[in-house]
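Here is how the chains run, residue by residue.
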Amino acid sequence: MDRGMINRPKAILFDWDNTLVDTWPCIIQAMNKTLITMGQSPWSEAEAKARIAKSMRETFPVLFGERCEEAKKVFQQSFKDIHIDMLTALPGAEDLLTAAHGAGVYLGVVSNKTGAFLRTEADHLGWVSYFGALVGAGDAERDKPACDPVHMVLADSGISPGPDVWFVGDNAVDVQCGAESGCVTVLIHPDGAAADISMIPAPHHVFCDCSELQGFLLTETVPFQSIK
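Residues numbered from 1 in each chain as written. Predicted model: local features only at pLDDT ≥ 70, side-chain atom pairs only at ≥ 80, totals over all residues. Heavy atoms only, no water.

A.B. asks: Looking at this structure, how should I read the overall build of the chain?
C.D. replies: Along the chain, the regular secondary structure elements total 9 helices and 10 strands. For 228 residues, the compact-globule estimate of 2.2 N^0.38 gives 17 Å, and the chain sits close to it at 17 Å. Seen along its three principal axes, the alpha-carbon backbone of the chain occupies a region of about 55 × 35 × 30 Å. A buried classification covers 51% of the 228 residues belonging to the chain. Restricting the contact set of the chain to residue pairs at least 6 apart, pairs at least 24 apart contribute 67%. Computed over 17 positive and 30 negative side-chain charges, the separation of the two mean positions in the chain equals 5 Å. (Helix = DSSP H or I, 4+ residues; strand = E, 2+ residues; numbered from the N terminus. Rg over C-alpha atoms; globule rule 2.2 N^0.38 Å. Buried < 20%, exposed > 50% of the residue type's maximum accessible area, 1.4 Å probe, protein only. Contact = heavy atoms within 4.5 Å. Lys, Arg positive; Asp, Glu negative; His and termini not counted. Charge placed at Lys NZ, Arg CZ, Asp CG, Glu CD.)

Here it is as structure tokens:
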């Protein structure tokens, strides 16, 4: 996790939930309504945060078996009913997007949130213009941690996945996706560089929030050169 001089990325791909926006309360509420409807016990906040990372099409068949499609409908309706009212941008997120976009960095989103919900939220926040593309669950052939959505989000950018691209997220699925795509991986963790990170692969950089990442990008990176 070297904090020395490094070349500024040509593109930054962001996870969405709990990287740029705080959606844990909404996700947990919708998930627990689904679990209860399906006759299962609701999850605590800690359990939900530990278990929710991959997309619904990967996790729901395991959780709900032959009732998977029924559970999807319950979750999607529950989420649809509350997600805009409960949507909150994380501190520093919009400033980071404004600064990076203004510096000419291509920005995209790779999320395991259903694509339609993702784009509705970005539109509600007035953030769509920051991004070249927003790719959510179900948009690509496979979801994170597969590399498919990374290729999709960069398809019209003229930038290939690799060390000129930073992948920013808040969990191991994001780091895995970025690493397997050959990108520089950036983890957002409340403890920042002091965090005890046990995930494999380990992220290249760790920042405590969007503001710290913005400061690093603007003060300790060299503009627009390929990382060798």
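Moving on from the coordinates now.
A.B. asks: Sorry, what's going on with the side chain of R8 here?
C.D. replies: Considering the arrangement of structural elements, one finds R8 in the loop between β1 (6–7) and β2 (11–14). D164 provides the closest opposite charge to the buried, unpaired R8, separated from it by 11 Å. Polar side-chain contacts of R8 include one of 3.5 Å to the backbone oxygen of L217. (Salt bridge = Lys/Arg side-chain N within 4 Å of Asp/Glu carboxyl O. Polar contact = N/O pair within 3.5 Å; in protein donor to acceptor, adjacent residues only side chain to side chain.)

A.B. asks: What should I look at first to understand the nonpolar core in this one?
C.D. replies: The nonpolar side chains of a soluble globular protein tend to be buried, and buried together. One finds L20 and F131 to be the most contacted residues of the largest nonpolar core, which totals 30 residues. Elements with a minimum of two residues in this core: β2, α5 (93–102), β5 (106–114), α6 (115–125), β7 (165–169), β8 (184–188) and α9 (210–219). Residue contacts for F131: discarding those within four places in its chain leaves F14, W16, L20, L97, L107, G108 and V109. By size, the runner-up hydrophobic cluster in this structure holds 21 residues, among which are I27, A30, F60 and I82. (Core = buried A, V, L, I, M, F, W, Y, C linked by side-chain atoms within 4.5 Å.)

A.B. asks: Just checking my understanding: could you explain α6 for this structure?
C.D. replies: In an α-helix there are 3.6 residues to a turn, and that puts residues three or four apart on one side. Those residues of α6 not exposed but buried are G115, F117, L118, E121 and A122. Down the axis, α6 shows its buried residues gathered within 165 degrees of arc, on one side only. Buried positions along α6 lie against α4 (68–86), β5 and β6 (133–137). Where α6 terminates, the next one or two residues include G126, which has phi positive at roughly 75 degrees. (Arc of directions from axis to C-beta.)

A.B. asks: Before we go on, may I ask you to explain the pairing of β5 in this structure?
C.D. replies: Where a strand is regular, its side chains alternate between the two sheet faces. Within β5, 8 of the 9 residues are buried, leaving the element largely enclosed by the surrounding structure. Here 4 bridges tie β2 to β5, and the two strands are oriented parallel to one another. Bridged to A11 within β5 is Y106. As defined by bridge partners, β5 adjoins β6 across 4 bridges and the pair is classed as parallel. Pairing of V109 across the sheet is with L134, part of β6. (Pairing = 2+ DSSP bridges.)

A.B. asks: Even after reading the chapter, I still don't get the packing of aromatic side chains, so can you show me in this structure?
C.D. replies: For any two aromatic rings, the description comes down to two numbers: the centre-to-centre distance and the angle of the planes. In this structure the tally under the stated criterion is 8 aromatic pairs. Geometrically, the ring pair formed by F60 and F64 is edge-to-face, given 5.0 Å between the ring centres and 70 degrees between the ring planes. Here F64 and F60 lie together in helix α3 (residues 56–64), a separation of 4 residues that amounts to about one turn. When the ring of F207 is compared with that of F216, the centres are 5.2 Å apart and the planes differ by 50 degrees; the resulting orientation is tilted. (Phe/Tyr/Trp six-rings, centres within 6.5 Å; stacked < 30°, edge-to-face > 60°.)

A.B. asks: Help me understand empty space enclosed by the protein in this model?
C.D. replies: Applying the stated rule across the entire model yields 2 cavities of 30 Å³ or more. One number sums up the size of the largest cavity: a volume of about 50 Å³. Around the largest cavity sit R8, L96, A99, A100, A103, V105, Q214, L217 and L218, which together line it. Contributing elements (two or more residues each) for the lining of the largest cavity: α5 and α9. Taken as a whole, the second largest cavity encloses approximately 30 Å³ of empty space. Residue assignment for the lining of the second largest cavity shows that the elements contributing at least two residues are β5 and β6. Ranked by residue count, the leading element in the lining of the second largest cavity is β5, at 3 residues. Its residues assigned to classes, the lining of the second largest cavity comprises 4 nonpolar, 3 polar and 4 charged. (1 Å grid on protein atoms, 1.4 Å probe; cavity = no way out; pocket = protein on both sides within 12 Å on 5 of 7 lines; lining within 4 Å. Points joined across faces, edges and corners; volume = space filled by probe spheres on them. Nonpolar A, V, L, I, M, F, W, Y, C, P; charged D, E, K, R; others polar.)

Any functional reading would require information beyond the geometric quantities listed.
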